[in-house]
Amino acid sequence: MRILKKNDTATFWVVSATLIGFFVLSARFLMHEGKFHTGLLYIAVPYVLSLALYYLTPYKPAQTWGRRFWNNFRSCLIIILASSIFLMEGYVCLIMALPLFLIVVVLAFITAYIWNCFGNRSPKSYVLPIIIFLASLEGTTPDLTFNRYNEVSYSQVVNIDVDTLRDKLQKPIEFNGKRHWILSVFPMPTYVGTAQLNEGEVRKYDFVYHRWFVTNTKVGSLNVVFKDVDRNRIKTTIKDSSYISGYMKLHGTEFSFEAVGENQTKVTLSVSFDRNLDPLWYYQPLERFAVKKGVEYFINEVLTVPPEGNL
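Keep in mind that what you see is a predicted model, and the values were worked out from it rather than measured. (Residues numbered from 1 in each chain as written. Predicted model: local features only at pLDDT ≥ 70, side-chain atom pairs only at ≥ 80, totals over all residues. Heavy atoms only, no water.)

So, about the overall build of the protein. Check the secondary structure of the protein and you find 7 helices and 7 strands. For the protein, the N- to C-terminal ordering of α and β elements is α-α-α-α-α-β-α-β-β-β-β-β-β-α. If one aligns the C-alpha atoms of the protein with their principal axes, the spans along those axes are about 75 × 40 × 35 Å. Counting the 311 residues in the protein, one finds 44% classified as buried. For the protein, long-range pairs separated by at least 24 residues make up 64% of all intrachain contacts whose partners lie at least 6 apart in sequence. Of the roughly 16,200 Å² of accessible surface on the protein, a fraction of 62% belongs to carbon and sulfur atoms. Computed over 32 positive and 25 negative side-chain charges, the inter-centroid distance for the protein is 15 Å. (Helix = DSSP H or I, 4+ residues; strand = E, 2+ residues; numbered from the N terminus. Buried < 20%, exposed > 50% of the residue type's maximum accessible area, 1.4 Å probe, protein only. Contact = heavy atoms within 4.5 Å. Areas by Shrake-Rupley, 256 points an atom, 1.4 Å probe, with all protein chains shown as cover. Lys, Arg positive; Asp, Glu negative; His and termini not counted. Charge placed at Lys NZ, Arg CZ, Asp CG, Glu CD.)

Gaps left between atoms show up when a probe the size of a water molecule is rolled over them. Within this model, the largest pocket holds a volume of roughly 1,000 Å³. Lining of the largest pocket is provided by 42 residues; of these, L222, I244, L250, G294 and V295 occupy positions nearest its centre. Listing elements by their share of the lining of the largest pocket, those giving two or more residues are α4 (91–118), β3 (202–210), β4 (217–230), β5 (233–240), β6 (248–261), β7 (264–275) and α7 (280–303). Its residues assigned to classes, the lining of the largest pocket shows 36 nonpolar, 3 polar and 3 charged. (1 Å grid on protein atoms, 1.4 Å probe; cavity = no way out; pocket = protein on both sides within 12 Å on 5 of 7 lines; lining within 4 Å. Points joined across faces, edges and corners; volume = space filled by probe spheres on them. Nonpolar A, V, L, I, M, F, W, Y, C, P; charged D, E, K, R; others polar.)

Glancing now at the state of the cysteines. For the coordinates displayed, the defined rule picks out 0 disulfides. Between C93, a cysteine without a disulfide, and C76, which holds the nearest cysteine sulfur, the sulfur-to-sulfur distance is 20 Å. (Disulfide = S-S within 2.5 Å.)

Summed over the entire model, instances satisfying the criterion amount to 1 cavity of 30 Å³ or more. Around the largest cavity sit 17 residues that line it, and Y42, E89, C93, A97 and F101 are the ones nearest its centre. Within the residue set of the lining of the largest cavity, elements represented by two or more residues are α2 (39–56), α3 (65–86) and α4. Here the element with the most residues in the lining of the largest cavity is α4; it accounts for 5 residues.

Moving on: α2. An α-helix turns once every 3.6 residues. As a result, residues three or four positions apart point the same way. Here α2 is 18 residues long and its end C-alpha atoms lie 24 Å apart, about the 26 Å a rise of 1.5 Å per residue gives. In terms of residue burial, α2 counts as a mostly covered element, since 14 of its 18 residues are buried. (Expected span 1.5 Å × (residues − 1).)

Turning our attention to the packing of aromatic side chains. This model, assessed by the stated rule, comprises 22 aromatic pairs. Arranged with centres 6.2 Å apart and planes meeting at 45°, the rings of F175 and F298 form a pair that is tilted. Pair noted here: F175 is in the loop between α6 (162–170) and β2 (191–192) and F298 is in helix α7, with a separation of 123 residues, a long-range link. Note on F298: relative accessible area 15%, which makes it buried. Taken together, the ring pairs connect Y54, Y55, F69, W70, F73, F109 and W115 into an aromatic cluster. (Phe/Tyr/Trp six-rings, centres within 6.5 Å; stacked < 30°, edge-to-face > 60°.)

Moving on to the side chain of R68. With respect to the helices and strands, the residue R68 is situated in helix α3. In this structure R68 comes out as buried when scored by relative accessible area, which is 13%.

All right, on to the pattern of salt bridges then. Under the counting rule described, the total for this entry stands at 7 salt bridges. The salt bridge involving D278 is made with R275; its shortest N-O contact spans 2.7 Å. The class of D278 is buried, set by a relative accessible area of 0%. Assessed through its relative accessible area of 0%, R275 is described here as buried. Among the ionic contacts, a cluster of salt bridges with common partners joins R148, R275 and D278. (Salt bridge = Lys/Arg side-chain N within 4 Å of Asp/Glu carboxyl O.)

Moving on, we get to the confidence of the model for the protein. Per-residue confidence for the protein gives a mean pLDDT of 90, with 93% of residues at or over 70. No element of the protein has a lower mean pLDDT than α3, at 86, and none a higher one than β5, at 98. Confidence drops under a pLDDT of 50 for residues 1–7, and excluding neighbours within four residues, the segment shows 18 contacts in the predicted structure. (pLDDT = per-residue confidence, 0-100.)

Spelled out as structure tokens, the structure:
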């Protein structure tokens, strides 16, 4: 039973403001408890938010399910975006998480629909909430955390010999080519250092991430340390203080070069990392796809451009 008057605009905004506070306080609590990037934030909180909006905000008796769904969907979006401001989150986080939030909002609305169809005494009414509850526990304890380690590789045959490829890797790098749409979300490095291909050398990538496009800035660096170097293999470790470290923990990279013909080389670049975000079923494919596109972009931008492109 609804406890608020219908068509009460003031009530709607009071409820919305209250739910913004709920979202922010819940996120702060999870942050304090070290569970900020778990299923509790990305599944449980938006699920409860959507149900609260559905049952606490007024609506017209003649509204269709479609119209009520759209109103609920829009209200949840407004609250999530408003909450992100108080949480100091940036546009990259929002873009990455928003599809997951909206999936959960849809599932919450389906829950409300089932409750209306079968009533709160039917076992059918509790199947979806139980599934959501169990899914939201992912990442909260070691026993409820899936393997986070990932390794992504990409290979490409280029019409360049090994020595020339190694020489290209030592020259200054400029990233000017068009990126895949998923890469275009992420800020590019503002500075890329140079390094000789010797053990212990460090190539530095500086990043400046304006979370709110012009302010709320995160500054950091990604340092690539050359660990094992020979003619056909280059292995590195990575020390990362950039904004990227919030989404994944980069371990290192490995380049391998295999001559396959005259002035032709098969280049393989592998990146190893830990996924920092849960749930696995959403963030792991997303992060692996982004890393693969990033590796592909690096090879094409650095190793296959004409020599003058790196001058």
